[in-house]
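# Results of the structural survey
Residue-level listing of the chains:
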Amino acid sequence: DTANRIVELLGEHRDLIQTELDEVNSGVRQLTGKDFLGPKERRRRLQVKVKNQTEVKKQKDYSEYFNSLEHKVQAQKRRDMIRLARKAKAEADAMT
């Protein structure tokens, strides 16, 4: 009787595992680093993570260029506003 119960439980457990595997393989469910994985899969995921981190480090940093460009645009806007203000003042002075 106990052996039959164990076989029944193992069969149910196998069905649950198969369902979970099907969900992962179909993309319905994604495994995370916190999920229980075998040593080969953990090693593979670690290699992918390290590779991605080194690729991110290899990317060139363009932030200084864009910061400089933003400062140039703001300076040009300020110059344009000053020029327009002086022009408007000159026109107002000319009318009086």
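These lines cover the structure that appears in this document, whether it is placed above or below. What you see is a predicted model, and the numbers here were worked out from it, not measured in a lab. (Residues numbered from 1 in each chain as written. Predicted model: local features only at pLDDT ≥ 70, side-chain atom pairs only at ≥ 80, totals over all residues. Heavy atoms only, no water.)

### Overview of a nonpolar patch on the surface
To keep things clear, this is the line we draw: Patch building starts from residues that exceed 30% relative accessible area and form no salt bridge, then joins like charges within 9 Å and nonpolar side chains (Val, Leu, Ile, Met, Phe, Trp, Tyr) within 5 Å. Surface accessibility follows the Shrake-Rupley procedure with a 1.4 Å probe radius. Residue values consider only the protein chains on display as shielding. The working definition used for a salt bridge is a side-chain nitrogen of Lys or Arg within 4 Å of a carboxyl oxygen of Asp or Glu. Strands are runs of DSSP state E lasting at least 2 residues, helices are runs of H or I lasting at least 4, and numbering of each runs from the N terminus. The buried label applies to any residue whose accessible area, calculated with a 1.4 Å probe on protein chains only, is under 20% of its type's maximum; exposed applies above 50%, and partly exposed to all values in between.
Together, Tyr62, Tyr65, Phe66, Leu69 and Val73 line one region of the surface with nonpolar side chains, adding up to about 530 Å² of accessible area. Along the polypeptide, Tyr65 turns up in helix 3 (residues 63-95). Overall, the relative accessible area of 51% leaves Tyr65 in the exposed class.

### Examining the layout of surface pockets
Which entries qualify depends on this criterion: Only protein atoms enter the calculation, which uses a 1 Å grid: trapped sets of points that fit a 1.4 Å probe without letting it out are cavities, open sets showing protein on both sides within 12 Å along at least five of seven lines are pockets, and any residue with an atom within 4 Å of a point is a lining residue. Grid points are joined across faces, edges and corners, and a volume is the space filled by probe spheres set on the points. Classification convention: Asp, Glu, Lys, Arg as charged; Ala, Val, Leu, Ile, Met, Phe, Trp, Tyr, Cys, Pro as nonpolar; all other residues, Gly among them, as polar.
Each pocket or cavity is described by its volume, and for the largest pocket that value is around 260 Å³. Together, Ile17, Glu20, Leu21, Val24, Arg29, Leu31, Asp35, Phe36 and Leu37 line the largest pocket. Classifying every residue of the lining of the largest pocket gives 6 nonpolar, no polar and 3 charged.

### Topic: the pattern of salt bridges
Opposite charge on two side chains lets them pair, provided their charged atoms get close. Inspection of every chain in the model, using the stated rule, returns 6 salt bridges. A salt bridge links Arg29 to Glu20, with the shortest nitrogen-to-oxygen separation between them at 2.3 Å. Given the relative accessible area of 27%, Arg29 is considered partly exposed. The exposure class of Glu20 is partly exposed, given its relative accessible area of 35%. With a closest N to O distance of 3.8 Å, Asp80 and Arg83 form a salt bridge.

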